[in-house]
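Coordinate analysis (summary)
What follows is each chain in one-letter form.
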Amino acid sequence: MSVKILSVSLVWLFAGASALSQAPTEQQKKYQQLEKAVNEALVNTAAEVPQLKMPENRIYLRTVIADLQWRFDEKNARAMITESREELRQLMANSEENSPQSYAFSVRQQLRKEIVNLLAKRDADLALDFLRATRPVFPANVDAKQAGDAEAQLEQALAREVARTNPQRALALAEESLEKGFSYELNNLVTTVLEKDNEAGKKLAAKIHDKLKKTDLLANQSAMQFAIWFLTSEQNARKTELSPGEKMYGIKHRAPVLTEPMLREFCELLGKAALTVMNKALQTRDGDNRDLSNWLSSFFSVLPTLESYNPPLAASVKRTYAELRPYLNHWVRENIQFNEARQTGKVEDLLALAEKAQGEKRDQTLWLAIHQAIDAHADFELARKIANEMVTDPVKRKEHIAFIDWVYLQHAAGQGKLEEALAALSSLASDEDRIESLASLAADLLKKKDRKHATQVMERAVALLPAQIETERHFRAVARLLAPLAETESERSFALYEQLVVPVNELHAAYIRIQRYNVSSRWGYMANGEFVVFGHFGSVSQVIQPPLQLGALAKVDFERAFALAENFKAPEVRLAMKVTALQSVLSKP
């Protein structure tokens, strides 16, 4: 008999025996049946993992299953994780496959990141041990600094995950990782630690500040770029008011973490580095240097803060740039102009640039102006006016207006303006866009406990579905549809999911055949007959994403959803779907 649970997870079982003792007898029996079914499914699924050909898939699925078994049998779960660690360690020891540009390396780095983030929720030390034990052995020609930065990024990502539950432990991990380098994850880490522990966040920011002061920014591009990211975040943190666009998107900036003297030092550090970089370029007349181009384009976004804290230094930077400007390539000058225009927040500044531009550059600038009108000002009428009056290509004009209406639909839905949101549907470019927008709208309504209107919206979405699911857009639309449909009309969601099975099986067989034919390409990595079932790797993820919505169905009827997974012919797809169902029913509500 199928065991049904409605919007409830098995985590309830482990909240304590008292919860069970107070529950109705029939409900207790259902949960006990479900616990038995899930336990058996976990054991059986784990036994299928060794049949997989791709070691990365074995490692990933074994580790996820171990995480799910943790609450039932921690000792066995740890043993499975150790097995995965050793298998991955052997892969990462193969220096011939560890070129940062190789597809195999990108897959394995993504695997390490996903596993470490998963383990961090259980045991920070276990996660750190896994990360360090699987550190790659690089070919001799790989830059040591580049390799160190990649590891620093992973350790800082781990620290961020740990910070969600243990900010002090995350602070210690972050301090260790600082010795390896800087990455964008460090900036995110400061925000996460600050949210959990204000003093720990400020302490981490001070450590970063001290480390940057001792770093030669001119010799360390990653440190230079991080410093700009960090100052941009601090700049945003000190805004007195959010822009209309930021309010529309629900953007929240972190609180300031630097003291006034520290911020002044930070600005001077970057300002002096900018002067040195530009003076060197002036001496050599090297305006085509790509690193210089990228760095200057980013630096000018934080110039307003430098002007606030050290006007003379900012003026010197501007004078030096004016001298260097004639030697810079056209691309750099345009990028800096765009950054300056966007920094002012004025759409008219971008429109003025568009008037001077021609061809594709004019189109790109108008597109930026449309985004600025929406993102900074939430001014949809201005965005439509730009599209209607200034975009001359009728095809692009139609695409821009469809985009504007799509954003407006999401905005109106978020504001509870259901009729206005539905009215915007007609201008969207395709039925697939309408289905995705309606699914998103239904999901928002369900979060607000408005099941009546969510059901009505889903009926409109389902009516737009094609008779056969064939294209990538069809798959994407179905992927967005399944989760809210499982809550509003579960029988229909199961029927729709069943329609996915045959096309997924056919696409898998065709895709693998192509990879065997094209074995010399990077996609030939899958020529062993399997998809990569984690991460987002090109067209494969588009095929895998809709079936992964099986988790939403498992919350409605676990055994029925789990049985559906058996219909996938490819072993790695079948196992991935089973694990998805198990994750869903064992996750927190």
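What you see is a predicted model; the values in this text were computed from it and never measured.

1. Brief notes about the packing of helix 9 (residues 184–196) against helix 11 (residues 221–237)
Each pair of packed helices can be described by the angle between their axes along with the distance between the axes. Interaxial distance between helix 9 and helix 11 falls to 9 Å at its minimum, and their mutual angle equals 30°. Taken together, helix 9 and helix 11 sit at an angle that is classed as roughly parallel. The way helix 9 lies across helix 11 gives a crossing that is right-handed. Residues Y184, L186, N187 and V190 of helix 9 form the contact with helix 11, whose participating residues are F226, W229, F230 and S233.

2. Some remarks on the pattern of salt bridges
Scanning all chains against the criterion turns up 39 salt bridges. Here R238 ties to E260 by a salt bridge, and the two come within 2.5 Å at their closest N and O atoms. With R238 in the loop between helix 11 and helix 12 (244–249) and E260 in helix 13 (residues 260–284), this residue pair connects regions lying 22 residues apart in the sequence. Take R238: its relative accessible area is 26%, and that puts it in the partly exposed class.

3. Notes on the packing of aromatic side chains
By the definition in use, this model includes 13 aromatic pairs. Ring geometry for Y184 against W229: centres 6.2 Å apart, planes inclined by 90°, an arrangement best described as edge-to-face. Taken together, the positions of Y184 in helix 9 and W229 in helix 11 put the pair 45 residues apart, joining distant regions of the chain. By relative accessible area, W229 is classed as partly exposed at 34%. An angle of 35° between the planes, with centres 5.4 Å apart, marks the rings of F558 and F562 as tilted. Placement of both F558 and F562 in helix 29 (residues 558–565) is noted, with a separation of four residues, approximately one turn of the helix. An aromatic cluster is built from F182, F226, F230 and F266, whose rings are joined through pairwise contacts.

4. Digging into the packing of helix 19 (residues 359–375) against helix 21 (residues 394–414)
For the pair helix 19 and helix 21, interaxial distance at closest approach is 11 Å and the crossing angle is 15°. Relative to helix 21, helix 19 is oriented roughly parallel. For helix 19 against helix 21, the interelement crossing comes out right-handed. Within the contact between the two elements, helix 19 uses D363, W367, I370, H371 and I374 and helix 21 uses K396, H400, F403, I404 and V407. For the contact of helix 19 with helix 21, the class distribution of residues is six nonpolar, two polar and two charged.

5. Observations concerning helix 8 (residues 167–178)
Across its twelve residues, helix 8 extends 16 Å between first and last C-alpha, which sits within 8% of the 16 Å expected from 1.5 Å per residue. Of all the positions in helix 8, only P167, A170, L171, L173, A174, S177 and L178 are classed as buried. For helix 8, the arc enclosing every buried residue in end-on projection is 165°, short of the 170-degree limit, so these residues lie on one face. Looking at the packing, one finds that the buried side of helix 8 touches helix 6 (124–133), helix 7 (144–163), helix 9 and helix 10 (198–213).

6. Overview of the side chain of D67
Within the fold, D67 resides in helix 3 (residues 55–69). Judged by relative accessible area, D67 falls into the buried class, the value being 11%. What D67 contacts, discounting residues up to four positions off in sequence, is L118 and R122.

7. Structural notes on the environment of A554
Looking at the element boundaries, A554 is found in helix 28 (residues 550–554). Taking the relative accessible area as the measure of exposure, A554 reaches 0% and is therefore buried. Linking A554 and T580, residues 26 residues apart in sequence, is a C-alpha distance of 8.6 Å. Those residues in contact with A554, other than ones at most four positions away along the chain, are A561, A581 and S584.

8. A closer look at the environment of M224
With respect to the helices and strands, M224 occurs in helix 11. Since its relative accessible area comes to 1%, M224 is described here as buried. If we ignore the near neighbours within four places in the chain, the residues touching M224 are L217, L218, L270, A273, V277 and W295.

The rules we used
- Residues numbered from 1 in each chain as written.
- Predicted model: local features only at pLDDT ≥ 70, side-chain atom pairs only at ≥ 80, totals over all residues.
- Heavy atoms only, no water.
- Axes fitted to C-alpha atoms, helices over the stretch in contact; angles between N-to-C directions.
- Helix = DSSP H or I, 4+ residues; strand = E, 2+ residues; numbered from the N terminus.
- Parallel < 35°, antiparallel > 145°, perpendicular 65-115°, else oblique.
- Left-handed = near helix turned anticlockwise from the far one by under 90°.
- Contact = heavy atoms within 4.5 Å.
- Salt bridge = Lys/Arg side-chain N within 4 Å of Asp/Glu carboxyl O.
- Buried < 20%, exposed > 50% of the residue type's maximum accessible area, 1.4 Å probe, protein only.
- Phe/Tyr/Trp six-rings, centres within 6.5 Å; stacked < 30°, edge-to-face > 60°.
- Nonpolar A, V, L, I, M, F, W, Y, C, P; charged D, E, K, R; others polar.
- Expected span 1.5 Å × (residues − 1).
- Arc of directions from axis to C-beta.

Honestly, it's all geometry; don't read function into it.
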